[in-house]
Amino acid sequence: MPTELLRIASWNVNGLRACAGKGHFLPWLRSSKAGILGVQEVRARPEQLEPSIARPRNWSTHFVAAERPGYSGVGLFSRAAPDLVETSLGLPHFDVEGRVQLAHFGALVVANIYFPNGNGQERDNSRVPYKLEFYRQLHARLDALRAAGKRVIVLGDFNTAHAEIDLARPKENTKTSGFLHEERAELSRWLASGWVDTFRKFHPGPGHYSWWSQRAGARERNVGWRIDYVLASPGALPHLRGAFIHAHVAGSDHCPVGVDLDDAVLGAG
């Protein structure tokens, strides 16, 4: 039988209430053609969201909030309810920040992740060790799912630009968290272990970014960073049909990114 496309999207909304309040989130959600959407940096508990955002008509939703108010948080919107959503890496110092959703849909697992920023409060890169440990612990958790035969899609704000092509001004940012050698090396380790950067599979050229500073017209001049990714496991890769960055979508300092897969990815593993 012919398969249909399943669109899986990701968007760091930089505060879901703020994004929705600007009139951007729900119209985009309705027009996105997404079957599954992971959002990051929700910055609200579910009860703080308007019902139209927390439970849009014809969508199943699930949210994970950080213990610290107004900080971090991830959310899942899906046309079909997941079979299971896991939200813990089993390590309290990570789990309290509300950064992880592992949503199971048949043989497919969609990992919606808000990776830590390494800057630290003093912008001294003091959170880089925490960030790198988070990467390593998550990698191990996802490898276990791969070993169990799951087809895995990892999406979210990775807070790392992998290569010079992934930011407009690489030379000026070699000491900036998000483009430090050790951060880039960790992402390289993921790719070397079989994860595929889906966007680069279809779009090898420069000038594609997913985040722009809110200062000095950076977005209008396209002085940005590509730090929002969708990675596919080897088992999911044969089902991949396309990848996109929707740089025209307003409402956040990030824009939506995503992939199209044939829906056979949901089938028996």
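Everything below is about the structure shown above.
The paragraphs below set out a description of the structure included in this document.

Definitions and cut-offs
Residues numbered from 1 in each chain as written. Predicted model: local features only at pLDDT ≥ 70, side-chain atom pairs only at ≥ 80, totals over all residues. Heavy atoms only, no water. Helix = DSSP H or I, 4+ residues; strand = E, 2+ residues; numbered from the N terminus. Buried < 20%, exposed > 50% of the residue type's maximum accessible area, 1.4 Å probe, protein only. Contact = heavy atoms within 4.5 Å. Expected span 1.5 Å × (residues − 1). Core = buried A, V, L, I, M, F, W, Y, C linked by side-chain atoms within 4.5 Å. Pairing = 2+ DSSP bridges. Axes fitted to C-alpha atoms, helices over the stretch in contact; angles between N-to-C directions. Phe/Tyr/Trp six-rings, centres within 6.5 Å; stacked < 30°, edge-to-face > 60°. Lys NZ or Arg CZ within 6 Å of the ring centre and 35° of its normal.

### A look at the environment of Leu266
For Leu266, the location among the structural elements is in the segment after β14 (257–262). Relative accessible area serves as the criterion here: at 34%, Leu266 is assigned to the partly exposed category. Residues Leu266 and Arg215, 51 residues apart in the sequence, show an inter-C-alpha distance of 42 Å. Beyond its immediate stretch of four places on either side in the chain, Leu266 contacts Leu6, Phe105, Gly106, Ala107, Leu108 and Arg151.

### A word on helix α5 (residues 128–147)
Taking 1.5 Å as the rise per residue, α5 with 20 residues should run 28 Å; its terminal C-alpha atoms sit 28 Å apart, in good agreement. Of the surrounding elements, those touching the buried residues of α5 are α4 (92–95), β6 (100–105), β7 (108–114), β8 (151–157) and α6 (181–192).

### A word on the nonpolar core
Of all hydrophobic cores here, the largest spans 25 residues; its most connected members are Ile8, Ile36, Leu108, Val110, Ile153, Val259 and Leu261. If you list the elements that add at least two residues to this core, you get β1 (5–12), β6, β7, β8, β12 (228–232), β13 (240–245) and β14.

### Some words on the pairing of strand β4 (residues 74–78)
For a regular strand, the rule is simple: side chains alternate between the two faces of the sheet. Judged by how many residues are buried, β4 sits mostly within the fold: five of five residues are covered. Of the two faces of β4, the one carrying Val74, Leu76 and Ser78 and the one carrying Gly75 and Phe77 are both buried. With five bridges joining them, strand β2 (residues 36–40) and β4 adopt antiparallel strand pairing. When the bridges of β4 are listed, Gly38 appears paired with Leu76.

### Regarding the sheet that holds β13
With respect to topology, six strands assemble into an open sheet ordered β3-β4-β2-β1-β14-β13, the strand pairing being mixed. The open sheet has two edge strands, β3 (60–64) and β13, and neither has a second partner. For this sheet, the mean angle separating the axes of adjacent strands, direction not counted, is 15°.

### Brief notes about the packing of aromatic side chains
Under the definition given, this model contains 16 aromatic pairs. Ring plane angle 85° and centroid distance 5.3 Å describe the contact between Phe94 and Phe134, whose orientation is recorded as edge-to-face. Here the residue Phe94 occupies a position in helix α4, and Phe134 occupies one in helix α5, the gap between them amounting to 40 residues. For the residue pair Phe94 and Phe134, the accessibility class agrees, reading buried in each case. Through a chain of ring-to-ring contacts, three or more aromatic side chains come together here, namely Phe94, Phe115, Tyr130, Phe134, Tyr135, Phe158, Trp190, Trp195 and Tyr229. Sitting over the face of the ring of Tyr71, Arg68 holds its NZ or CZ atom 4.1 Å from the ring centroid. The positively charged end of Arg146 is found above the aromatic ring belonging to Trp195, 5.0 Å away from the centroid.

### Some remarks on the sheet that holds β6
Spatial strand order, β5-β6-β7-β8-β12-β9: six strands in an open sheet with mixed pairing. The sheet is open, and its two edges are formed by β5 (84–86) and β9 (196–197), each paired on a single side. Where β5 and β6 come together, three bridges link them in antiparallel fashion. Following the sheet pairing, Leu84 is matched in β6 by His104. Against the sheet, α6 makes contact with β8, β9 and β12, and its axis sits at roughly 25° relative to β12, the strand it touches most.

Shape descriptors only; they carry no functional weight alone.
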